[in-house]
Amino acid sequence: MKPDSTARPLAQAQPSPHAGPPQPGMPPAGPPLPGRYKRYATWMIFIVVLVACSIHTDATPYQLIVGLPEMGKLLGEMFPPDWSYLPTIWKPMLETIQIAIVGTTLGAILAIPVALLCAYNVMPRKLISLPMRTLLNLVRTIPDLLFASIFVAVFGIGPFAGMLALLFFSFGIIAKLTFEAIEAIDPGPLEAMTAVGASRIQVIVFGVVPQALPYFVSYLLYTFEVNVRAASVLGLVGAGGIGLLLDRSLGLFRYDRASIIILLTLVIVLAIDYGSNLLRRKLL
């Protein structure tokens, strides 16, 4: 009796422990069961937390459905906008932009030395860097509206209080993002300069600044865009700008005037966003 040529030995039928990776035509194996269960558990925890937060904050689909008719009524009162109110809001809008420019610029200037002192690769002494980071955390804890309220109480109603509020707001954001960017730069040039005897100032000027400058400019432009929108509502607490007229329009239920203020703010923000993108491409 001839042996079957199609029969395979038992040793060849079982996979070898030293077998290579599966061939491209073979279906990929699924994730291990412990990893799969961990993923399912993570999603379940996320859903439970989301549902619990929604219940405690009354953020339910029922509330949205009930409020939709009122939202439609409000939009109906906002349109058409009161175009005759446009000449009245030009000067406050210009003041809002000026508040954002001055506050962002001064905040960015103050953020430069603080960012250098917070970065561990520039200032390894934690007796200096840790207090600076604590200061930044304190500044970023206070929202811009609270800053504006404090400065209005100190300096009175006007754009100066709004400028100071945006100064501290810009200082906290730019310093935080910049020192994180400084810590992520390439350490090779810094080590090379230190090895040839460069001083700490030379390392910062010729090694740190060229690498961190593009990030700093990007953060500066982004913060300016945010501050234009923030300055538009600082007037709600008396800090000058277009927010004073917006608060007055809402208080008098003149939603048609509020809509023209919102539309003008939108146009200004879009123009600044387009200009900042062009400037970012030119500089970076």
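Here the structure is shown first, and the text comes after it.
In this report, the structure presented in the accompanying data block is examined. Just so it is clear, the model here is predicted, and its values are computed rather than measured.

Observations regarding the overall build of the protein
Working step 1: Check the secondary structure of the protein and you find eleven helices and zero strands.
Working step 2: Listed N to C, the secondary structure of the protein is α-α-α-α-α-α-α-α-α-α-α in terms of helices and strands.
Working step 3: Here the protein holds 284 residues, and 32% of them are scored as buried.
Working step 4: A total accessible area of about 18400 Å² is found for the protein, and carbon and sulfur atoms account for 71% of it.

A short note on the environment of Ser129
Working step 1: As for its placement among the helices and strands, Ser129 is situated in helix 5 (residues 126–141).
Working step 2: C-alpha of Ser129 to C-alpha of Leu117: the two residues are twelve residues apart in sequence and 5.5 Å apart in space.
Working step 3: Not counting residues within four places of it along the chain, the set of residues in contact with Ser129 comprises Leu117, Cys118, Tyr120 and Met123.

Description of the packing of helix 5 against helix 7 (residues 159–183)
Working step 1: Viewed as axis vectors pointing N to C, helix 5 and helix 7 meet at an angle of 135°, and their least axial separation amounts to 9 Å. Here helix 5 is positioned oblique relative to helix 7, judged by the angle of their axes. Between helix 5 and helix 7 the crossing geometry is left-handed. For the pair helix 5 and helix 7, contact is made by Arg133, Leu136, Val139 and Arg140 and by Phe168, Phe171, Gly172, Ile173, Ala175, Lys176, Phe179 and Glu183, respectively.

Comments concerning the nonpolar core
Working step 1: The biggest cluster of nonpolar side chains holds 54 residues, and the ones touching the most others in it are Ile89, Leu136, Leu166, Ile182, Val228, Ile261 and Ile268.
Working step 2: For this core, the secondary-structure elements that each account for two or more residues are helix 4 (86–118), helix 5, helix 6 (144–155), helix 7, helix 8 (187–195), helix 9 (200–234), helix 10 (243–251) and helix 11 (255–283).
Working step 3: With eleven residues, helix 7 is the largest single contributor of residues to this core.
Working step 4: When sequence neighbours within four positions are dropped, the list of residues in contact with Leu136 reads Val114, Cys118, Phe171, Gly172, Ala175, Lys176 and Phe179.

Some thoughts on unusual backbone geometry
Working step 1: A cis amide bond links Phe79 with the next residue in sequence, Pro80, at an omega value of 0°.
Working step 2: The phi dihedral of Phe253 falls on the positive side, at around 60°, and the residue is not glycine.
Working step 3: Along the chain, Phe253 falls in the loop between helix 10 and helix 11.

Examining the environment of Glu180
Working step 1: Assignment of secondary structure puts Glu180 in helix 7.
Working step 2: Along the primary structure Glu180 and Tyr120 are separated by 60 residues, whereas in three dimensions their C-alpha atoms are 9.6 Å apart.

As for the packing of helix 6 against helix 7
Working step 1: The geometry of helix 6 relative to helix 7 is characterised by a closest axis approach of 8 Å and an angle of 140° between their N-to-C directions. Classified by the interaxial angle, the pair formed by helix 6 and helix 7 is oblique. The hand of the helix 6/helix 7 crossing is right-handed. Between helix 6 and helix 7, the residues in contact are Asp144, Phe147, Ala148, Phe151, Val152 and Phe155 and Phe160, Ala161, Leu164, Ala165, Phe168 and Phe169, respectively.
Working step 2: Residues that form the contact of helix 6 with helix 7 fall into these classes: eleven nonpolar, no polar and one charged.

Brief notes about the pattern of salt bridges
Working step 1: Taken as a whole and judged by the stated rule, the model has five salt bridges.
Working step 2: The salt bridge partner of Arg254 is Asp82, with a shortest N-O separation of 3.4 Å. One end of the pair, Arg254, is in the loop between helix 10 and helix 11; the other, Asp82, is in the loop between helix 3 (61–78) and helix 4, with 172 residues separating them in the sequence.
Working step 3: If you follow the salt bridges from partner to partner, you end up with Asp82, Arg254, Asp256 and Arg257 in one network.

A short note on the side chain of Thr104
Working step 1: Mapped onto the fold, Thr104 is located in helix 4.
Working step 2: Residue Thr104 is classed as buried on the basis of its relative accessible area, which comes to 2%.
Working step 3: What Thr104 contacts, discounting residues up to four positions off in sequence, is Ser170, Ile174, Leu220, Thr223, Phe224 and Asn227.

The rules behind these values
Residues numbered from 1 in each chain as written. Predicted model: local features only at pLDDT ≥ 70, side-chain atom pairs only at ≥ 80, totals over all residues. Heavy atoms only, no water. Helix = DSSP H or I, 4+ residues; strand = E, 2+ residues; numbered from the N terminus. Buried < 20%, exposed > 50% of the residue type's maximum accessible area, 1.4 Å probe, protein only. Areas by Shrake-Rupley, 256 points an atom, 1.4 Å probe, with all protein chains shown as cover. Contact = heavy atoms within 4.5 Å. Axes fitted to C-alpha atoms, helices over the stretch in contact; angles between N-to-C directions. Parallel < 35°, antiparallel > 145°, perpendicular 65-115°, else oblique. Left-handed = near helix turned anticlockwise from the far one by under 90°. Core = buried A, V, L, I, M, F, W, Y, C linked by side-chain atoms within 4.5 Å. Nonpolar A, V, L, I, M, F, W, Y, C, P; charged D, E, K, R; others polar. Salt bridge = Lys/Arg side-chain N within 4 Å of Asp/Glu carboxyl O.

Taken by themselves, the reported measurements are silent on function.
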